[in-house]
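Structural overview for review
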Number of protein chains: 2
Amino acid sequence: MRIISLAEIEPHLADKAGIITTIKDAFIAHSQGQVTMPDPVQLLFETDENVLNGDCHVKTAKASGFPFFSVKVATGFYDNPAKNLPVNNGLIMLFSAETGEPAILLQDEGHLTMVRTAAAGALAAGLKSSAEPQRLGIIGTGAQAELQARWISEHMDISSVSIWGRNHSKAERLKSRLSPYNVNVMETVSDLCAASDIIVTTTPATSPLLMAADIRPGHHIVALGADSPGKIELDPQLFAKADFVLADDISQCIHHGDIGHAIKAGLISETDITSLGKALSGDVELNKTSISVVDLTGLGVQDLAIASKIYTDILA
Amino acid sequence: MRIISLAEIEPHLADKAGIITTIKDAFIAHSQGQVTMPDPVQLLFETDENVLNGDCHVKTAKASGFPFFSVKVATGFYDNPAKNLPVNNGLIMLFSAETGEPAILLQDEGHLTMVRTAAAGALAAGLKSSAEPQRLGIIGTGAQAELQARWISEHMDISSVSIWGRNHSKAERLKSRLSPYNVNVMETVSDLCAASDIIVTTTPATSPLLMAADIRPGHHIVALGADSPGKIELDPQLFAKADFVLADDISQCIHHGDIGHAIKAGLISETDITSLGKALSGDVELNKTSISVVDLTGLGVQDLAIASKIYTDILA
C-alpha cells in the first residue's frame, strides 16, 4: 500500500480549475447512474454530559472507469480547538476494484474532504454565472467559509464578498485573511442577504440561520453545512419560495440535508428536486429573477474522484 | 498515524486463548448495550458478464471503555486465486474517540478479520461444551474452515474432525494440513452430519448446503459464511427444528445472515432469537438433545476489540 502524506498532497491542491473539472465530472457521472454509493456511515460522539461534540462519517464509492474504489473517513471533533487541534481530520483509501487489494492511503488530515467540498460549492455557485459579476455572501467564519470565498471567487466573476458569523471577531479575522478580495463583515444575516446574489451557508448549525423572509427573486443559495440529521441551516419555508431545488444526491439530502426538513414539513416533494449533476450538464437554467437552492451533503464519488486525481498528479 | 505491518501483527495471533477472551468480552459488551455499530457498508463487484466476483464490507464500532473507534475494510475477490492472490484482504484503522485523529493502521491483509471470525466460531461452538468430547464437522475447505478446525480444537475437547467440500481434492488437502488432528473427509453432507455433534459451515454458498433432514437432536450448528443478502448455507427449515436460535447481532443476522431467510419464510420470528453475548453470559443452556443454531455475520466490535488487543500487545 502506497502511503501518501499531506506534504505530498498539498502542492497538488493549488490546481483549483483541474479539481473543479474532476468534481464536475463526478457529479455528472453520478447523475448518469455510473456510480455506486452505499449509504454513508455516521458515528456520533458525546461528552459525559451528553452534549454532541464529535462525528465521524465514512463514505464509499465505486464508479465505472475508475480502477479503484474509495473508503473515506472524515472526523469533526468540535472541542479540538481547545486542545490546539484542528476540528477536522481524516483520510482516503483507494482499493483495487479488480482484486480488492489496498492500493493507496492518502493521509490528507481531512484536507481532501475540505477541498472537494470547496469545489462542489464553486460548481453549485457557478450555476448562477451570468454576464454581470455576482455579489457573494458567506454565512459562517470557519475553514470552509474561507475556502468557499476563495474557490468561488476564482471560479466565477465575483464583485464583492459579504461575510456574517455569530462571532463578530471571527468574522473580522476571516476578512483579514481574505484581504485580496472586496470583503465586508455584515451585522445581520438580513444585511448579508440584501448585499448578495449568491448566498453560501457553511456552518454546523442546528437551528435555521437563513430565513425565508430575507430571500428575494434572484437569490441563489448553496447550503453545505448540514451533514447529519440534527443539522439545519435553512428555514424550511425558504424551499417553498424556490423555483429550483437541487441536491448533490437526492436521497442523501432527504435523509440528512436541509432538503430533508422541507420534505418533512410537506413544503416540497421528492419530484421537485433535480440532481446537481443534471444541472451541471445544462439541464437547469437559472435566470435573473429565479430563486434557487442547492443542498450539498458531500458524496463518496467526490472523494473517489479527488483522491484518484491527486494520486495521478503525484505519479506524473 | 502508527502503521503496523502484518509481520508485526502475526506473532500476536498465536495467543488464541487471549483473543477468544477478548472477543467473548466484546460480544457480552454488545449484548449489554455498550457498543455502537452503524449498519455495515457493502460494495459488490461483478465481472463484465454480471457475475458477482467480489465484495467489500466496511464495519465500524465504538464502545464504552475503548479509547479508539474502529473502521475495518474487508475485501473478498473470488477470482484472485487465478491471479496468485489470496481471496481476502483488508485492514483495520483505529481513530481517537476523543479527538477523531487517525491513530493506528493495522495492515493485516485481512488476517484480523479471519482470526476474530475464528474466535467467534470457537466461542459459538464452545456453547456445546460438556463432559464428553464432541465430534466436530466442518463444511467448506477454505482458509476459514482450517482456522475453525484449529481454534475449536484448541478451545474445547474435540474427538474427531469431519470435513466436506464440493471439491474433494481440496478437502483432502485440508485434511493433510490438519494432520495433527483426527480428520476424516466425508463423501456427503449427510455423512458429515451423522459423524458430528457440532457442525460449522464456512462457505460463500448461495444455495443451502446443510439440510434440515440431516439434523437430529443434539446437533449444534454454527453458520458463519453468509455475510451478504445473497448468501445462504442453511436450509431455512432447519430453524423450525431448532430449540435455540442465536445471533451475533440480531438485526444484522435478519438483514443478511442465514436467519434472514428463515424469518422471510415465516419459520421463526425475531423474538425467537437470542444474542450470542447473552448466551456467552450463561443465559442459554444447551443440553444433549437440544438442536441449536448460531448465526455469525461478523461484528464491527470484534474488529475494534481484536485491533485494540493486538495493538496493546505490540506496545507491551
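The text that follows walks through the structure, step by step, so that each part is easy to find. Just so it is clear, the structure is predicted and the values come from calculations on it, not from any experiment. (Residues numbered from 1 in each chain as written. Chains lettered and ligands numbered in written order. Predicted model: local features only at pLDDT ≥ 70, side-chain atom pairs only at ≥ 80, totals over all residues. Heavy atoms only, no water.)

**As for the overall build of chain A**
Along its length, chain A carries 11 helices and 15 strands. Scaling as 2.2 N^0.38, a compact globule of 316 residues should have a C-alpha radius of gyration of about 20 Å, and chain A matches this with 19 Å. C-alpha atoms of chain A, sized along the principal axes, occupy 55 × 45 × 40 Å. Sorting the 316 residues of chain A into buried and exposed places 60% on the buried side. Partitioning the intrachain contacts of chain A with sequence separation of at least 6 by distance along the chain shows that 67% fall at a separation of at least 24. Summing over all exposed atoms, chain A offers an accessible surface of approximately 12100 Å²; the carbon and sulfur share of this is 50%. Here chain A contributes 23 positively and 37 negatively charged side chains, and the mean placements of these two sets differ by 4 Å. (Helix = DSSP H or I, 4+ residues; strand = E, 2+ residues; numbered from the N terminus. Rg over C-alpha atoms; globule rule 2.2 N^0.38 Å. Buried < 20%, exposed > 50% of the residue type's maximum accessible area, 1.4 Å probe, protein only. Contact = heavy atoms within 4.5 Å. Areas by Shrake-Rupley, 256 points an atom, 1.4 Å probe, with all protein chains shown as cover. Lys, Arg positive; Asp, Glu negative; His and termini not counted. Charge placed at Lys NZ, Arg CZ, Asp CG, Glu CD.)

**Let's talk about the environment of Ile259 of chain B**
Residue and element names in this part refer to chain B. Within the element layout of this structure, Ile259 appears in helix 9 (residues 258–264). Linking Ile259 and Val245, residues 14 residues apart in sequence, is a C-alpha distance of 8.4 Å. Apart from residues lying up to four places away in sequence, Ile259 is in contact with Phe239, Val245, Leu246, Ala247, Cys253, Ile254, Ile268, Ile273 and Asp295.

**Some remarks on the environment of Pro102 of chain B**
Relative to the helices and strands, Pro102 of chain B resides in strand 7 (residues 102–107). Distance from Pro102 of chain B to Arg2 of chain B, taken between C-alpha atoms, is 8.6 Å for residues 100 residues apart in sequence. Apart from residues lying up to four places away in sequence, Pro102 of chain B is in contact with Asn89 and Leu91 of chain A together with Met1, Leu94 and Phe95 of chain B.

**Regarding the packing of helix 2 (residues 16–31) of chain A against helix 11 (residues 300–315) of chain A**
Residue and element names in this part refer to chain A. Here helix 2 crosses helix 11 at 140°, and the two axes come no closer than 9 Å. With respect to their mutual orientation, helix 2 and helix 11 come out oblique. In the crossing of helix 2 with helix 11, the sense of the turn from one axis to the other is right-handed. In this structure, helix 2 contributes Gly18, Ile19, Thr22, Ile23, Ala26, Phe27 and His30 to the contact, and helix 11 contributes Val301, Gln302, Ala305, Ile306 and Lys309. (Axes fitted to C-alpha atoms, helices over the stretch in contact; angles between N-to-C directions. Parallel < 35°, antiparallel > 145°, perpendicular 65-115°, else oblique. Left-handed = near helix turned anticlockwise from the far one by under 90°.)

**What to know about helix 2 of chain A**
Residue and element names in this part refer to chain A. Between the first and last C-alpha of helix 2 there are 23 Å, a value that for 16 residues agrees with the 22 Å anticipated at 1.5 Å per step. Within helix 2, burial applies to Lys16, Gly18, Ile19, Ile20, Thr22, Ile23, Ala26, Phe27, Ile28, Ala29 and His30. Structurally, helix 2 contributes buried residues whose contacts are with strand 2 (35–36), helix 3 (111–126), helix 4 (143–155), helix 10 (276–283) and helix 11. Where helix 2 ends, the next residue or the one after it, Gly33, has phi of about 80°, a positive value. (Expected span 1.5 Å × (residues − 1).)

**Remarks on the relation of the copies chain A and chain B**
Here chain A sits on chain B after a turn of 180° about the axis and a move of 0.0 Å along it, with an RMSD of 0.0 Å. Seen this way, the second copy is the image of the first under a two-fold rotation axis. Taking the C-alpha atom as reference, chain A places Val41 of chain A closest to the rotation axis, 3.7 Å from it. (Least-squares fit on C-alpha atoms with pLDDT ≥ 70 in both.)

**Some details on the nonpolar core**
Counting 67 residues, the largest nonpolar core has Leu106 and Trp151 of chain B as the members making the most contacts within it. Residues Ile4, Ala118, Ala122 and Ile163 of chain A belong to the second largest nonpolar core, which totals 66 residues. (Core = buried A, V, L, I, M, F, W, Y, C linked by side-chain atoms within 4.5 Å.)

**Description of the interface of chain A and chain B**
Often, the extent of an interface is quoted as the loss of accessible area upon association of its parts. On the side of chain B, 35 residues touch chain A, which itself brings 35 residues to the contact. In this assembly, chain A and chain B are joined by zero salt bridges. Counting across the interface, chain A meets chain B through eight residue pairs in polar contact (both at pLDDT 80 or more). Contributing elements (two or more residues each) for the side of chain A that touches chain B: strand 3 (41–46), strand 4 (52–63), strand 5 (68–77), strand 6 (88–96) and strand 7 (102–107) of chain A. Across the side of chain A that touches chain B, the residue classes break down as 20 nonpolar, 10 polar and five charged. (Salt bridge = Lys/Arg side-chain N within 4 Å of Asp/Glu carboxyl O. Polar contact = N/O pair within 3.5 Å; in protein donor to acceptor, adjacent residues only side chain to side chain. Nonpolar A, V, L, I, M, F, W, Y, C, P; charged D, E, K, R; others polar.)

**Digging into the packing of aromatic side chains**
Inspection of every chain in the model, using the stated rule, returns eight aromatic pairs over all chains. One aromatic cluster in this structure is built from Phe45 and Phe77 of chain A together with Phe69 and Phe95 of chain B. Above the ring of Phe45 of chain B, the side-chain terminus of Lys62 of chain A is found at 4.9 Å from the ring centroid. (Phe/Tyr/Trp six-rings, centres within 6.5 Å; stacked < 30°, edge-to-face > 60°. Lys NZ or Arg CZ within 6 Å of the ring centre and 35° of its normal.)

**A few points about empty space enclosed by the protein**
Residue and element names in this part refer to chain B. Scanning all chains against the criterion turns up one cavity of 30 Å³ or more. Lining of the largest cavity is provided by Pro229, Ile254, His255, His256, Gly257, Gly260, His261 and Lys264. Counting only elements with at least two residues in the lining of the largest cavity, the list comes to helix 8 (250–256) and helix 9. (1 Å grid on protein atoms, 1.4 Å probe; cavity = no way out; pocket = protein on both sides within 12 Å on 5 of 7 lines; lining within 4 Å. Points joined across faces, edges and corners; volume = space filled by probe spheres on them.)

**Quick notes on the pairing of strand 3 of chain A**
Residues and elements named next belong to chain A. Burial along strand 3 is one-sided: Val41, Leu43 and Phe45 are buried, and none of Gln42, Leu44 and Glu46, which face the opposite way, are. Pairing of strand 3 with strand 4, which is carried by six bridges, proceeds in the antiparallel orientation. If you follow Glu46 over to strand 4, its bridge partner there is Leu52. Adjacent in sequence and paired antiparallel, strand 3 and strand 4 are bridged by five residues, among which Asn50 carries a positive phi angle near 60°. (Pairing = 2+ DSSP bridges.)

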